[in-house]
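So the chains spell out like this:
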Amino acid sequence: MSQSNPLTLHVPEPTGRPGCQTDFSYLRLNPAGSVRKPPIDVAYGDTADLANTLIRVLDDDGNAVGPWAADAESDTELLRFGLRTMMKTRIFDARMVIAQRQKKMSFYMTSLGEEAIGTAHALALRAGDMNFPTYRQQSLLMANEVSMVDMICQLLSNERDPMKGRQLPVMYSVRQAGFFTISGNLATQFVQAVGWAMASAIKGDTKIASAWIGDGATAESDFNTALTFANVYKAPVILNVVNNQWAISSFQAIAGGESVTFAARGVGSGIASLRVDGNDFLAVYAASKWAAERARSNLGPTLIEWVTYRAGPHSTSDDPSKYRPADDWSHFPLGDPIVRLRRHLTKRGLWSDDEHIDLEASLETDIIAAQKEAETFGTLANGRVPSAASMFEDVYKEMPEHLRRQRQELGV
């Protein structure tokens, strides 16, 4: 019997660490406009090439090229609204980080670098559709023009918090905006979205669901369960995988993104799948619209991998310079989504530097005003807390006697 070589275990490593610039060649990029656009009734197996390439519309000069370009390019107001919303989201994030550093809230999570995904996706959906998001899709709310005062009150957990302090900061819930309550448990929203979409189909409704997950959470069993149910029952759902390269300090390869793309997992589960440049507003809108039309036409689910980059820390508790190059964001080959859409609009004469500067100032003013109003209802810094009466409410239709007595004993 021959002696075999010792076995070895493969542990994926990122291509860049602090002090060593990242080699982004692992992203498997291709030129803008080079990927075909299939009909919405394409068979899942015929999307295998789309799951292994990258759908892009905007080239390096700001031109919209290729078969996916037509969906948004002709709607100039949609593009202008998209740029305004991305800018609003980024400025809002920056102001909230400052508020957290001032100890007005416990923590915060930004969507820096990912603003195009939620913004463009929201514009491809209809009223009544339901998103099942993670904690980095605040641009969905911004695109639906949800009250910033309400959002900030939730972050501050104050007496006007719509969640009454029962959710962590950034875990919003806005039913009227199609924004399902965020769960702190990873991947649960994926199966919830599929179930909601199945229920919509059972009722004969016209509404679709959109599920959201990060690259790291695809390693959870709920991810595979959701894909199985979505495929078997042809659920009207869009399955979004936001591949921002990092799950806190774990590189995306740890979750299986090294040997295959995350989009390819959809094809393996019998689901039509796309891999899309998540920093390209026009590509995001076109792919989202394609998937939404497919779901609404009873053609089943679509899985979309959005290739992007988490430009900031995982949260205000994280220091990414400990595990990746500090200047990684500036070298990311897909660029900044705001800069790219601004370049496109400016080239077409639909935007100007003066307008950009004026809008930045206006948005900053609006966000500061909303923050000041929200802070009048209390912050962690000023010690003002909501009444303890709220913990007895919203559980029973009729309050049980033992809770009534306890509330009386507290004097609330």
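See above for the structure.
Here is a short report on the structure shown in this document.

Calculation criteria
Residue numbers here run from 1 along each chain, matching the order of that chain's written sequence. With the structure being a predicted model, the display of local features is reserved for residues of pLDDT at least 70 and the display and counting of side-chain atom pairs for 80 or more, all residues being used for whole-chain, interface and lining totals. Only hydrogens and water are set aside; all other atoms, that is, all heavy atoms of the structure, feed into the side-chain values. Buried residues of nine kinds, namely Ala, Val, Leu, Ile, Met, Phe, Trp, Tyr and Cys, make up a nonpolar core once their side-chain atoms join them within 4.5 Å. Three exposure classes are used, based on accessible area relative to the maximum for each residue type with a 1.4 Å probe and protein chains only: buried under 20%, partly exposed in between, and exposed over 50%. Counting from the N terminus, the helices are DSSP H or I runs at least four residues long and the strands are E runs at least two residues long. We call two residues in contact when some of their heavy atoms are within 4.5 Å. Cavities and pockets are defined on a 1 Å grid built over the protein atoms alone: a cavity is a set of grid points where a 1.4 Å probe fits but cannot escape, while a pocket is an open set with protein on both sides within 12 Å along at least five of seven lines, and lining residues are those with an atom within 4 Å of any such point. Grid points are joined across faces, edges and corners, and a volume is the space filled by probe spheres set on the points. Handedness of a crossover is defined as follows: orient the strands so they point away from the viewer, and if the path from the first strand over the helix to the second runs clockwise, the crossover is right-handed. Strands are treated as partners if at least two bridges between them are detected by DSSP.

Notes on the nonpolar core
In this structure, F92, V170, Y172, L274, F281, L282 and W306 are the most contacted members of the largest nonpolar core, which totals 78 residues. Top element by residues in this core is helix 9 (residues 281-296). It accounts for 11 residues. If we ignore the near neighbours within four places in the chain, the residues touching L274 are L50, I55, W68, A263, A287, W290, T302, L303, I304 and E305. Membership of the second largest hydrophobic core comes to 27 residues, among which are M130, A217, A235 and A263.

Topic: empty space enclosed by the protein
Across all of its chains, the model carries 1 cavity of 30 Å³ or more by this definition. Of the voids in this model, the largest cavity is the one considered here, and its volume is about 40 Å³. Contributing to the lining of the largest cavity are P14, T15, G16, T22, F24, Y26, Q245, W246, F251, Y309 and D328.

What to know about the pairing of strand 3 (residues 237-243)
In terms of burial, strand 3 is a largely internal element, 7 of the 7 residues being buried. Residues V237, L239, V241 and N243 of strand 3 are buried on one face, and the alternating residues I238, N240 and V242, pointing to the opposite face, are buried as well. A crossover connection joins strand 2 (residues 209-214) to the parallel strand 3 through helix 7 (residues 221-232); in handedness this β-α-β unit is right-handed. Where strand 3 lies against strand 7 (residues 302-307), 6 bridges are found, and the strand directions are parallel. Within strand 7, the residue paired with V241 across the bridge is E305.

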